[in-house]
Amino acid sequence: MEIDGDVSNCSLILLKQGAEARVFESNFVGRRCIIKERFSKKYRHPSLDSKLTLKRLNAEARCMTKARRLGVQTPVLYAVDPLLHTLTFQFVEGTSVKDILLEFGQSGVVEECLGDISAQIGDAIGKLHDGGLIHGDLTTSNMLIQNGTNQLVLIDFGLSFTSTLPEDKAVDLYVLERALLSMHSSCGNVMDRILAAYRKSSKQWSSTMNKLAQVRQRGRKRTMVG
Amino acid sequence: MKVFEASNGNALSFALFTDVTNSKELLDSMRAGTLEPEAAFLNASLVPDVFPVLVAAHKALLSKSRDSLSSRTVHSELVYCYSGSKHISESLKRVGISESSNYVLAARFNASPEEMEAIRKLVKGTEVELEGLEAKADKAQIQKHYKIPGSELGISSLSDAISCRVAARDAL
């Protein structure tokens, strides 16, 4: 789907393209912003396609605002366009945690920095989970550290959903664990620090941690029900 | 008076007034549709900063360009959008002016200097600088109206919290 005349006189610089959406950088009333456009999948039936895309768009907007209410830093939402299937939000100036950890992997770990980042990650996930929100795609490329404040900002709530089941929370943490193991094993055991911070910030950590042990054993999406 | 660039080449002009005495007249002429020039009047104690109003303006302009206004005019749409709620008349009452309002923010799209001068004559009050918005904003009222929990204030400004709610209203 192309962006039509509504934004044709704004600059649109394509930053990234994923399986579900394209991310552009642009300008919103004088502020730098990100426009995320969910494109339609041509192989789907058109009426189903537009319903699905709209549903996902609204879910993402809802989950982002819910995360903010729970005290987790996310980019500020500037606009939601149901016709063009776009979300416009604040451009966060900072580096992704993935890049920071890769840098550590190459040129050595800055202990204090790593400790701070892991603590913030564990704390943020704890708040989300206690509020019944599952991020769905916890990887280091979806976490940014803001320049200046060094605050953690979570992005990409496209796969988020609400759930209070320990299974879902455990899977959320497991996805992060696998991502860290595959990309950043040279940084030492980051997951342990994250889990320590998670334990401190979440009130329901014990059931989640038990489930996490189970999920580690058998892999995810194997509830063995039915 | 200050002019800001809203989306798509449109401009939004603001004027802030304290000690307003004729809110009832303004309300009556708005309801009768005789307000000339047409403008949006917001309860300025619910405005900590211009940015959320610009977010609402973007939404209002978009609705107008798609012929999908929920209220009568693009200016009343601006007030409706700023409330972050789906209930039209309640929104206009809460974030617009009431008969007892004395602190009012006037806004008009693509206003010429003459039109802004006319608005200044319409409103019987003292014009003040927009920079005073933050200090005079009623933070408790804003928190209550937009249902902003303490946990959110810890990570965000009131202005950002309002912007998110204004933007995401139809998705909620």
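Data block above holds the structure.
These figures come from a predicted structure and were not determined experimentally.

Things to note about the overall build of chain A
Helix and strand content of chain A: six helices and ten strands. With the C-alpha coordinates aligned to their principal axes, the bounding extent of chain A is approximately 50 × 50 × 30 Å. With 226 residues in all, chain A has 49% of them scored as buried. Considering only residue pairs separated by 6 or more positions, chain A has 62% of its internal contacts joining residues 24 or more positions apart. Of the roughly 11,100 Å² that chain A leaves accessible, carbon and sulfur atoms contribute 53%. Charged side chains in chain A number 30 positive and 24 negative. The centres of these two groups are separated by 7 Å.

Topic: the interface of chain A and chain B
Contacts between the two partners involve 24 residues from chain A, matched on the other side by 27 residues from chain B. Here chain A meets chain B over a buried area of about 2,200 Å², counting both sides, of which 58% is carbon and sulfur. Where chain A meets chain B, there are one salt bridge. One salt bridge connects B:Arg66 with A:Asp81, and the closest N-O pair in it is separated by 2.7 Å. At the surface where chain A touches chain B, the tally comes to five residue pairs in polar contact (both at pLDDT 80 or more). Among the secondary structure elements, those contributing two or more residues to the side of chain A that touches chain B are helix 1 (46-69) and strand 4 (77-81) of chain A. In terms of residue count, the dominant contributor to the side of chain A that touches chain B is helix 1 of chain A (six residues). Classifying every residue of the side of chain A that touches chain B by side-chain character gives twelve nonpolar, six polar and six charged.

Quick look at the environment of A:Val92
All names here are of chain A. Looking at the secondary structure, you find Val92 in the loop between strand 5 (86-90) and strand 6 (94-96). A relative accessible area of 10% means that Val92 is categorised as buried. The spacing of Val92 and Cys33 is 59 residues in sequence and 8.2 Å in space, taken between C-alpha atoms. With residues up to four places along the chain from it excluded, the contact list for Val92 reads Pro75, Leu144, Gln146 and Val153.

With respect to the pattern of salt bridges
Residue and element names in this part refer to chain A. Counted according to the given criterion, the structure contains 24 salt bridges over all chains. A salt bridge links Glu167 to Arg218, with the nearest nitrogen and oxygen atoms 2.7 Å apart. With Glu167 in helix 4 (residues 166-183) and Arg218 in helix 6 (residues 205-218), the pair connects residues that are 51 residues apart, well separated along the chain. In this pair, the class of Glu167 matches that of Arg218, namely buried. Salt bridges sharing partners connect three or more residues here, namely Glu20, Lys36, Arg38, Arg56, Glu60 and Asp156.

Description of the nonpolar core
In terms of nonpolar packing, the biggest core is built from 95 residues, with A:Leu77, A:Ile121, A:Leu176, B:Phe14, B:Leu78 and B:Tyr82 touching the most fellow members. Counting residues per element, this core draws most heavily on helix 2 (residues 50-65) of chain B, which supplies nine residues. Apart from the residues lying within four places of it in its own chain, the contact partners of B:Leu78 are B:Leu12, B:Ala40, B:Val53, B:Ala56, B:Ala57, B:Ala60, B:Ala107 and B:Phe109. Core analysis: the second largest hydrophobic core is formed by 15 residues, B:Val20, B:Leu27, B:Leu35 and B:Val123 among them.

Thoughts on the sheet that holds strand 1 (residues 13-17) of chain A
The strand order across the open sheet formed by five strands is 1-2-3-5-4 (chain A), and the pairing between neighbours is antiparallel. What marks the edges here is a single partner per strand, and that holds for strand 1 and strand 4 of chain A. Averaged over all pairs of adjacent strands, the angle between strand axes in this sheet comes to 20 degrees, irrespective of strand direction. Pairing of strand 1 of chain A with strand 2 (residues 21-28) of chain A involves four bridges; the strand directions are antiparallel. Along strand 2 of chain A, the bridge assignment pairs A:Ile13 with A:Glu25. Running at roughly 10 degrees to strand 4 of chain A, helix 2 of chain B makes contact with strand 2, strand 3 (31-38) and strand 4 of chain A of the sheet.

Procedures and definitions
Within every chain, residues take consecutive numbers counted from 1 along the sequence as written. Whichever chain is written first is A, and whichever ligand is written first is 1; the rest continue in order. Given that this is a predicted model, residues contribute local features only at a pLDDT of at least 70 and side-chain atom pairs are listed and counted only at 80 or more, while totals for whole chains, interfaces and linings are drawn from all residues. The side-chain figures draw on all heavy atoms in the structure; neither hydrogens nor water molecules are used. A run of H or I in DSSP counts as a helix once it spans at least four residues, and a run of E counts as a strand once it spans at least two, with each numbered from the N terminus. Each residue gets one of three labels from its accessible area relative to the maximum for its type: buried under 20%, exposed over 50%, partly exposed in between, using a 1.4 Å probe on protein chains only. We call two residues in contact whenever any of their non-hydrogen atoms come within 4.5 Å of each other. A 1.4 Å probe and the Shrake-Rupley method give the accessible areas. Residues count as covered only by the protein chains that appear here. In summary, the charge assignment counts Lys and Arg as positive and Asp and Glu as negative, without counting His or the chain termini. One atom stands in for each charge, and that atom is NZ of Lys, CZ of Arg, CG of Asp or CD of Glu. Note: buried area is the sum, over both parts, of the accessible area (probe 1.4 Å) each one loses when the two are combined. A carboxyl oxygen of Asp or Glu within 4 Å of a side-chain nitrogen of Lys or Arg is what we treat as a salt bridge. In protein, a polar contact requires one atom able to donate a hydrogen and another able to accept it; more generally it is a pair of N or O atoms within 3.5 Å, and residues adjacent in sequence count only if both atoms are side-chain atoms. Throughout, the ten residues Ala, Val, Leu, Ile, Met, Phe, Trp, Tyr, Cys and Pro are labelled nonpolar, Asp, Glu, Lys and Arg are labelled charged, and all others, Gly among them, are labelled polar. As used in this record, nonpolar core signifies buried Ala, Val, Leu, Ile, Met, Phe, Trp, Tyr and Cys residues forming a set joined through side-chain atoms within 4.5 Å. We treat two strands as partners when DSSP finds at least two bridges between them. Axis angles are defined between N-to-C directions and span 0 to 180 degrees, where every axis is a line fitted to C-alpha atoms and, for a helix, only to the segment in contact.

These values are about where atoms sit, not about what they do.
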